[in-house]
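What the coordinates show
Spelled out, the chains give:
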Amino acid sequence: MEIRPILDPETATRNMAEIEPKYSPQEAVTEANRCLYCFDAPCIRACPTGIDIPAFIKKIATGNITGSARTILSANILGASCARVCPTSVLCEGACVLLDRDQQPIKIGRLQRYATDHVLDDNINLFSPPTKKSGKRVALIGGGPASLGCAAELALLGHEAVIFEKKPEAGGLNTYGIAYYKLTPEVSLKEVELVKQLGVEIRTGVEVGRDITIPELEKEFDALFLGVGLGSTLRLDIPGEELPEVVEALHFIDDIHTKPLHEVAVGKRVAVIGCGNTAIDAVTQAKRLGAAHATIIYRRGERDMPAYVYEYELAKQDGAEFVFYAIPEAVLERDGHVCGLRLVRTEMDAQRNLRVIPDSAFDFPCDMVIKALGQEKMTAMLDHLLPGLDLADNGTIRRDDQTGQTNIPHVFAGGDAANGGSEVVNAVGEGKKAARGMHRFFSQQEATGPIQWSRMGVVDAPPYGAGLDAPVRVQETATSFR
Ligand SMILES: Cc1cc2nc3c(=O)[nH]c(=O)nc-3n(C[C@H](O)[C@H](O)[C@H](O)COP(=O)(O)OP(=O)(O)OC[C@H]3O[C@@H](n4cnc5c(N)ncnc54)[C@H](O)[C@@H]3O)c2cc1C
Ligand code: SF4
């Protein structure tokens, strides 16, 4: 049977509301006062964007909420979304010294949200474009967290940044892909506005490679940043995959972000294939949108799941079901629609190799199948865009870890396209590093004269890094904070 939306508008909105309630001022101050303001704080080192966590917490404790937000956002312009979506238990909160004393770690994520929401909700204008300009221009391809982090840092360093995004709105997966109950598109779009406050230009609805070419960009800009993310969900390659109710997790989640919630079609019995964080997001959202049963099908066991433990716990609390040690062999069809999956049982041998158990097939009833097996790399697109670009065997962009520079000296990269798929905060951190890498690259050019473009986009430039070992002092050109 064809699948339809299930819930009325009110229930859909209630079910999908953000899961973490906002702190009240009293709660925030009480939590902030638990912080020990550690010297050489391990929480700072655990944050890929290096936010000065004790400093922003201290400002909350003393009632300087705008100053607290400024501390956060000047280190991580997407601090509001990171406050909601970061796996804090394995990053900053996981490093908090209070854990060693058998106490609860400071709720850094919730405090960060408290401070940044104050600025976003009250439209407080924290930033303005820097007055001191370098004259260097950078084109950033893709408008996700990596490019936004990179563009903000470039702007703070005095360079001009122009983002090209193929979708109608910028923000990447923050706007279109992260579970709605963690981060709404509204918050993501407010952060995009913050980036614009720094003077960054964002051209949406422009696909690089289709609407504008790399050689055209190279004529106009001094360097390029590749923040193109990852591609479509991997295929199942089984019979029945083309049926209308077999959908990619990213398309299902995209629907949730672009349609009114009560208009999103969902099955009554949903099967989600895969057990990473995307699968967990899909199964949880299917359940919250009214599916009677939403079940993860995973070929291995509970202890092998790639999903974070806290995500798994949330899915279980929401009533998601799990079938471990099973793989789909075919999608079953009735009258042109999905009516089930043919599954086969698997098992692990002593060496933990997976094998299919012969004659173990069984049918699993469902009316919707969501594929969540991971995303493809952008190999074909990157080969087409920049034929000389060096890609690793797994299809990611090879780049210097510290500077983001690729084998093409004026081309830098970061985020999922380079790290193979990680977290928002990693994308922002890598974007920031690449901005500093470009800053050093430009300083080097000033010292050695203008670079020459070649037809392939490859530059004749001196070896990277000579004489430029001093760290970039970001505040030098960041004259714009009010
Ligand atoms: C379902 C899902 C849930 C997730 N949940 C979490 C979470 O809870 N917490 C967390 O920290 N991380 C989460 N992540 C990971 C996080 O979203 C990514 O690590 C992050 O968005 C990567 O940022 P990016 O800028 O590299 O790529 P993206 O966010 O993918 O942005 C890339 C952008 O480039 C654009 N683009 C691509 N090609 C072109 C072109 N040729 N021209 C113009 N534009 C182009 C795309 O349209 C896109 O907007 C999740 C990921 C998924 C898939
Ligand atoms: S490690 Fe914990 S207690 Fe120490 S500064 Fe960071 S949040 Fe505060």
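Every value quoted in this text rests on a predicted model; they were computed, and no experiment measured them. (Residues numbered from 1 in each chain as written. Chains lettered and ligands numbered in written order. Predicted model: local features only at pLDDT ≥ 70, side-chain atom pairs only at ≥ 80, totals over all residues. Heavy atoms only, no water.)

It is worth spelling out the overall build of the protein at this point. Looking only at helices and strands, one finds 18 helices and 16 strands in the protein. Against the globule reference of 23 Å for 482 residues, the protein gives a C-alpha radius of gyration of 24 Å, in line with a compact fold. With respect to the principal axes defined by its C-alpha atoms, the protein has extents near 70 × 60 × 50 Å. Sequence separation of at least 24 residues holds for 70% of the intrachain contacts in the protein that already meet a minimum separation of 6. Per element, the accessible surface of the protein, about 21,000 Å² overall, is 50% carbon and sulfur. Separation of charge centres in the protein, based on 51 positive and 65 negative side chains, amounts to 4 Å. (Helix = DSSP H or I, 4+ residues; strand = E, 2+ residues; numbered from the N terminus. Rg over C-alpha atoms; globule rule 2.2 N^0.38 Å. Contact = heavy atoms within 4.5 Å. Areas by Shrake-Rupley, 256 points an atom, 1.4 Å probe, with all protein chains shown as cover. Lys, Arg positive; Asp, Glu negative; His and termini not counted. Charge placed at Lys NZ, Arg CZ, Asp CG, Glu CD.)

Quick look at the nonpolar core now. Core analysis: the largest hydrophobic core is formed by 47 residues, its most contacted members being I77, L140, C150, L154, V200, F225 and M438. When sequence neighbours within four positions are dropped, the list of residues in contact with L154 reads V138, L140, H159, A161, A435 and M438. (Core = buried A, V, L, I, M, F, W, Y, C linked by side-chain atoms within 4.5 Å. Buried < 20%, exposed > 50% of the residue type's maximum accessible area, 1.4 Å probe, protein only.)

Attention now moves to the site of ligand 1. Taken together, 35 residues lie near ligand 1, and V85, E165, L173, K182 and D416 sit nearest. In the environment of ligand 1, a nitrogen atom lies 2.8 Å from a nitrogen or oxygen atom belonging to the backbone of V85. At 3.1 Å, a backbone N or O of K166 approaches a nitrogen atom of ligand 1. At the level of secondary structure, the elements contributing two or more residues to the shell around ligand 1 comprise α9 (145-156), β2 (160-165), α13 (249-258), α14 (277-288) and α18 (424-448). Counted by class, the shell around ligand 1 contains 16 nonpolar, 11 polar and 8 charged residues. Built from parts of two domains, the shell around ligand 1 gets at least three residues from each of domain 2 (137-231 + 377-476) and domain 3 (246-371). (Near = heavy atom within 4 Å. Polar contact = N/O pair within 3.5 Å; in protein donor to acceptor, adjacent residues only side chain to side chain. Nonpolar A, V, L, I, M, F, W, Y, C, P; charged D, E, K, R; others polar. Domains from an automatic or database assignment.)

Examined against the element boundaries, T295 turns out to sit in strand β7 (residues 293-297). Not counting residues within four places of it along the chain, the set of residues in contact with T295 comprises V270, A271, V272, V283, E321, F322, V323 and F364.

Taken domain by domain, the protein comprises domain 1 (18-121), domain 2 (137-231 + 377-476) and domain 3 (246-371). Averaged C-alpha coordinates put domain 2 and domain 3 at centres separated by 34 Å. Taken residue by residue, the interface counts 14 residues in domain 2 and 15 residues in domain 3. Roughly 1,100 Å² is buried in total at the junction of domain 2 and domain 3, and carbon and sulfur atoms are behind 55% of that figure. Considering only the surface of domain 2 that becomes buried against domain 3, Y176, Y180 and Y181 emerge as the three largest contributors, covering 52% of it. Taken together, the links from domain 2 to domain 3 amount to 3 salt bridges. Of the charged contacts, one joins E311 and K182 as a salt bridge, the two residues approaching to 2.9 Å between their closest N and O atoms. If you look at where domain 2 meets domain 3, you find 5 residue pairs in polar contact (both at pLDDT 80 or more). Per element, the largest residue contribution to the side of domain 2 that touches domain 3 is 3 residues, and it comes from helix α10 (residues 173-176). Of the residues in the side of domain 2 that touches domain 3, the class split is 8 nonpolar, 3 polar and 3 charged. (Buried area = accessible area lost by both parts, 1.4 Å probe. Salt bridge = Lys/Arg side-chain N within 4 Å of Asp/Glu carboxyl O.)

Here the focus is the sheet that holds strand β13 (residues 368-371). Across the sheet, 5 strands lie side by side as β5-β13-β6-β7-β8; this open sheet has parallel pairing. Unpaired on one side and paired on the other, β5 (246-248) and β8 (321-323) mark the two borders of the sheet. Taken over all neighbouring pairs, the strand axes of this sheet differ in orientation by 25 degrees on average, direction set aside. Here strand β6 (residues 269-273) runs beside β13; their pairing, made up of 4 bridges, is parallel. Among the inter-strand pairings, A271 is bridged to a residue of β13, identified as V369. (Pairing = 2+ DSSP bridges. Axes fitted to C-alpha atoms, helices over the stretch in contact; angles between N-to-C directions.)

By nearness alone, every residue bordering ligand 2 is listed as C35, L36, C38, A41, P42, C43, P54, C96, V97, I106 and I108. Split by residue class, the shell around ligand 2 holds 11 nonpolar, no polar and no charged.

What follows deals with the state of the cysteines. Here, disulfide denotes a covalent bond that connects the sulfur atoms of two cysteines. As enumerated under the stated definition, the model contains 0 disulfides in all. Left without a disulfide partner, C366 is nearest to the cysteine sulfur of C339, which lies 7.9 Å away. (Disulfide = S-S within 2.5 Å.)

Put simply, the protein has an average pLDDT of 90, and 93% of its residues get 70 or more. In the model, residues 450-482 has pLDDT below 50 throughout and makes 70 contacts with residues more than four positions away in sequence or in other chains. (pLDDT = per-residue confidence, 0-100.)

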